[in-house]
Amino acid sequence: MSSTYLGMPAVPVYGSGNLHTAEPFPVAARRELDNEQLRANLGHATHTIRDKRLRVVAELPDWEELREAGSATKAAVMARLPELLEQFEENFTARGGVIHWARDAAEANEIVRDLIRDAGADEVVKVKSMATQEIGLNEYLEEHGISAFETDLAELIVQLDHDKPSHILVPAIHKNRSQIRDIFLREMPDVDPNLTDTPARLAEAARLHLRRKFLSAKVAISGANFALADTGTLAVVESEGNGRMCLTLPETLITVMGVEKLLPSWTDLEVFMQLLPRSSTGERMNPYTSLWTGVTEGDGPQNVHLVLLDNGRSAALADERGRSALHCIRCSACMNVCPVYERTGGHAYGSTYPGPIGAILSPLLTGITSEENASLPYASSLCGACYDACPVKINIPEILVHLRSEDVQSRRGTKKVPGQMDVAMKAASWMMGSGRRMALVEKALPLGKLAAGPDRKIKKLPGIAAGWTRSRDLPAPPAQSFRDWWAKEHEDTASKEQA
Amino acid sequence: MSARTEILDRLRSALHDAPEAPEIPRKYRHSSGMNEEELIELLRDRLLDYKAGVSVVDEASVPAKVAELLKGETSYVVPAGLDERWTALAPGRVVDSPEEPLSVEELDGIDAVVTGCAAAVAETGTIILDGSPGQGRRACSLIPDHHVCLVRAGDIYGVLPEAVRRLDVTHPLTWISGPSATSDIELQRVEGVHGPRRLDVVIIRS
């Protein structure tokens, strides 16, 4: 321990960009719950994907062993992150790639803009990427006169409609086919005016719309699903072939990736490429995976750049009990099983990262003191379904509870007068601290029966406890406390045994 | 301070508790123990599930099968290094070589592509191309709308770890599991978006 101890932890530097929700979760959730179309689409989508996932996961006799390997690999990556990054950098650079480091969203955006300008381009094609969404790259480029074209079908739909993604895997899941047709008719200049709303025709329209762009683009921008430290390789998984187009045809390729995406070695990919597709789309394998190591002469982009992004990841890493949130491989399995997400949808979480993983990742990246994000760890019933579904076994419920306690702690520091909750908790602590006091209070139980009506339900509690009874009744307390019952029961047993 | 130094410093300081890197348990399957016939059957089943075309032939029947699959295509590209006998019966061949690469526009005007592959994974229905002779550069197998891929039975592995351990990752790798597809509209799967809309796999028995 002492040999690697590096001194006192520095003050964490938090992330910026599209990580902050604009309003507290309960406010956003209440509004989203009114959207019946969204709820119907989401219910259908989450149930369909999770059923598919269960089927293909059940096919593998070694699924749990793969999860164990995946989880341990990611823990090892976090423990060795600085050295692995240096190793990756050395290998990527040796093969002709160029690495750039970005402390935050603004720095990453500037780097990408300058690289595009250096390539003499004023438009770029893009592969779906969470990292570039997190830093708000498209908006930034637009402000600087550069057009960024999303090429993934769902991202294209969302971009054409000037909307925001609602799911990290299927970002346009909140829209149905006729809405998508209307968006295409309105926003695609060269579209067939007789376009129908069959998915095959809509996909064809997207193909035609983007074909010329792919063949003529000078610069492409991507994220990365994995980076291999021992070889300097980057990997992107996708379905449509838009990724292959972007990663293969332009002269310049710029990839933006969070520092936590590393894997130590090439053989680790054999684990993650079994875990990711099955957890994500419920497929045995996604249609296309591309891997590239720096520059290959005569094949693909000859200018290859990688922007390594911190933007709050070092702060999340500094939280010993929260750092495993960085193990996330963005599969979205946790969203599809979450009862809260299923009803509110992704927009309610505000940040680029929605659902259970977003509820921990966003506040870890921005700090729990970011006022609106502090509500995110409460956006859960703690049912634990996300933990069971997570391919790398991130204990999301445990981190949610940890962050709730961090939130309470941080509020305690700023509040001068104790609130009702503080007083009540203090009283409860005093009462429960001694068996005698507890017994004394229990004597008052029959009073609770009085408070309940003839239907034995308490419908309205006073003070802050009113929040509890606003949407549910409290059953009247029993006539006898457990302690009383226990004492009496033992008295009987004792006398029987004696007899 | 440079961004690089600062980020690495932040990360080192974030690890102030010096967490230990755990041993990675690798108790998952490293081989399937299947024989050639079983591997062919499993690969065929998986590819059909992805809506790819699959034929299983002897080496001698490859030229006729390739010609049959390319019927109706006016032209096709083959990467230099592909066994010429395989495409001997199909008219319209154009060769792409490192010395004389076709332009993107030229590739866009070609209907189909015929390639070999480096490996295939039966359990996941995956074909892996690594850019070696006979497989060509990535643009070749991407732009034409119809991909005919020849897979030697000896290159089929049961599970992913077997294949991964036989590949050189520093080559540009493309893993292909069925034709291009999307489920972005109401989760309804549509085969064929930007990549080749038709994938035909010809498995050659040893």
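Residues numbered from 1 in each chain as written. Chains lettered and ligands numbered in written order. Predicted model: local features only at pLDDT ≥ 70, side-chain atom pairs only at ≥ 80, totals over all residues. Heavy atoms only, no water.

What to know about the overall build of chain B
Check the secondary structure of chain B and you find five helices and 12 strands. Over its C-alpha atoms, taken along the principal directions, chain B stretches across nearly 65 × 45 × 40 Å. Buried positions account for 58% of the 206 residues belonging to chain B. Surface summary for chain B: the accessible area is close to 8100 Å², and the carbon and sulfur share equals 48%. With 22 positive and 34 negative side-chain charges, chain B shows a spacing of 3 Å between the two charge centroids. (Helix = DSSP H or I, 4+ residues; strand = E, 2+ residues; numbered from the N terminus. Buried < 20%, exposed > 50% of the residue type's maximum accessible area, 1.4 Å probe, protein only. Areas by Shrake-Rupley, 256 points an atom, 1.4 Å probe, with all protein chains shown as cover. Lys, Arg positive; Asp, Glu negative; His and termini not counted. Charge placed at Lys NZ, Arg CZ, Asp CG, Glu CD.)

Details of the overall build of chain A
Each helix and strand counted, chain A has 23 helices and 12 strands in total. Residues counted as buried form 55% of the 499 residues belonging to chain A. Sequence separation of at least 24 residues holds for 74% of the intrachain contacts in chain A that already meet a minimum separation of 6. Just so you have it, chain A exposes about 21500 Å², and 54% of that area is on carbon and sulfur atoms. Each charge class in chain A was averaged separately, 56 positive and 65 negative side chains, and the resulting centres sit 8 Å apart. (Contact = heavy atoms within 4.5 Å.)

Remarks on the packing of helix α9 (residues 177-187) of chain A against helix α10 (residues 199-216) of chain A
Residues and elements named next belong to chain A. Where α9 meets α10, the closest approach of the two axes is 11 Å, and the angle between their N-to-C directions is 30°. Taken together, the axis directions place α9 and α10 in an arrangement best described as roughly parallel. When you trace α9 past α10, the crossing you get is left-handed. Contacts from Arg177, Ile180, Arg181 and Phe184 of α9 reach α10 at Pro199, Leu202, Ala205 and Ala206. Of the residues in the contact of α9 with α10, the class split is six nonpolar, no polar and two charged. (Axes fitted to C-alpha atoms, helices over the stretch in contact; angles between N-to-C directions. Parallel < 35°, antiparallel > 145°, perpendicular 65-115°, else oblique. Left-handed = near helix turned anticlockwise from the far one by under 90°. Nonpolar A, V, L, I, M, F, W, Y, C, P; charged D, E, K, R; others polar.)

Notes on the interface of chain A and chain B
On the side of chain B, 77 residues touch chain A, which itself brings 104 residues to the contact. Both sides of the chain A and chain B interface together cover about 8000 Å² of buried area, and 60% of this is carbon and sulfur. Together, Arg103(A), Arg207(A) and Trp266(A) form the three largest contributors to the area buried by chain A at its contact with chain B, with a combined 9%. For the pair chain A and chain B, the number of links is 19 salt bridges. Of the charged contacts, one joins Glu283(A) and Arg189(B) as a salt bridge, the two residues approaching to 2.8 Å between their closest N and O atoms. Inspection of the chain A/chain B interface yields 40 residue pairs in polar contact (both at pLDDT 80 or more). When residues of the side of chain A that touches chain B are assigned to their parent elements, the largest contribution, 12 residues, is made by α10(A). Classifying every residue of the side of chain A that touches chain B by side-chain character gives 54 nonpolar, 23 polar and 27 charged. (Buried area = accessible area lost by both parts, 1.4 Å probe. Salt bridge = Lys/Arg side-chain N within 4 Å of Asp/Glu carboxyl O. Polar contact = N/O pair within 3.5 Å; in protein donor to acceptor, adjacent residues only side chain to side chain.)

Quick notes on the sheet that holds strand β5 (residues 119-121) of chain B
A sheet is described by the order of its strands in space; here eight strands give the open sequence β8(A)-β5(A)-β6(A)-β9(A)-β9(B)-β6(B)-β5(B)-β8(B), paired in mixed fashion. With one partner strand each, in any of the chains shown, β8 (262-263) of chain A together with β8 (156-157) of chain B form the two edges of the open sheet. Note: strand β9 (residues 288-293) of chain A against strand β9 (residues 173-176) of chain B, four bridges, orientation antiparallel. Across the sheet, Thr289(A) pairs through a bridge with Trp175(B), a residue of β9(B). (Pairing = 2+ DSSP bridges.)

Examining the nonpolar core
Among the nonpolar cores identified, the biggest contains 148 residues, and Phe184(A), Trp266(A), Ile360(A) and Trp175(B) are the most heavily contacted of them. A per-element tally of this core places α10(A) first, with seven residues. When near neighbours in sequence (up to four residues on either side) are disregarded, Trp266(A) contacts Leu228(A), Asp230(A), Leu291(A), Val164(B), Leu167(B), Val169(B), Leu173(B) and Trp175(B). (Core = buried A, V, L, I, M, F, W, Y, C linked by side-chain atoms within 4.5 Å.)

Notes on the pairing of strand β2 (residues 76-79) of chain B
Residues and elements named next belong to chain B. Going residue by residue along β2, you find Tyr76 and Val78 tucked away on one face and Val77 and Pro79 tucked away on the opposite face as well. Direction of pairing for β2 relative to strand β3 (residues 93-96): parallel, over a ladder of four bridges. Counterpart to Val77 in the pairing with β3 is Val94.

Quick notes on the sheet that holds strand β7 (residues 252-258) of chain A
Note on sheets: strands pair through backbone hydrogen bonds, and any given pair is parallel or antiparallel. Residue and element names in this part refer to chain A. In spatial order, the strands read β1-β10-β7-β4-β2-β3; together these six strands make up an open sheet with parallel pairing. One side of each edge strand has no neighbouring strand; the edge strands of this open sheet are β1 (98-102) and β3 (147-150). Strand after strand, the sheet turns through a mean of 25° between neighbouring axes, direction not considered. In this sheet, strand β10 (residues 303-309) lies alongside β7 in parallel orientation, the contact comprising seven bridges.

Thoughts on the environment of Ser410(A)
By secondary structure assignment, the location of Ser410(A) is in helix α18 (residues 396-414). Linking Ser410(A) and Ala374(A), residues 36 residues apart in sequence, is a C-alpha distance of 9.9 Å.

Observations concerning unusual backbone geometry
The backbone of Ser332(A) sits at a positive phi, close to 80°, despite the residue not being glycine. Residue position: Ser332(A) is located in the loop between α13 (313-318) and α14 (333-337). The phi angle at Ala18(B) is positive, at roughly 45°, despite the residue not being glycine. Assignment of secondary structure puts Ala18(B) in the loop between α1 (3-14) and α2 (36-49). When its relative accessible area of 22% is taken as the criterion, Ala18(B) is described as partly exposed.

Thoughts on the packing of aromatic side chains
Residues and elements named next belong to chain A. Under the counting rule described, the total for this entry stands at seven aromatic pairs over all chains. Arranged with centres 5.7 Å apart and planes meeting at 55°, the rings of Phe226 and Phe272 form a pair that is tilted. Of this pair, Phe226 sits in strand β5 (residues 226-228) while Phe272 sits in helix α12 (residues 269-280), placing them 46 residues apart in sequence. Neither residue differs from the other here; Phe226 and Phe272 are each classed as buried. (Phe/Tyr/Trp six-rings, centres within 6.5 Å; stacked < 30°, edge-to-face > 60°.)

A word on the state of the cysteines
One way to say it: the disulfide is the covalent bond shared by the sulfur atoms of two cysteines. Scanning the model with the defined rule gives zero disulfides over all chains in all. The cysteine Cys246(A) is free of any disulfide, with Cys140(B) supplying the nearest cysteine sulfur at 19 Å. Just so you know, Cys140(B) is unpaired, no disulfide at all, and the nearest cysteine sulfur is the one on Cys149(B), 13 Å from it. Residue Cys140(B) is classed as buried on the basis of its relative accessible area of 0%. (Disulfide = S-S within 2.5 Å.)

As for the UniProt feature "domain: LUD" (unreviewed entry) in chain B
In this numbering, the UniProt entry assigns the feature "domain: LUD" (unreviewed entry) to residues 105-204 of chain B. Along residues 105-204 of chain B one finds 9% helix and 35% strand; the C-alpha atoms at either end are 32 Å apart. (UniProt positions renumbered as here; feature names shortened; annotations may be inferred.)

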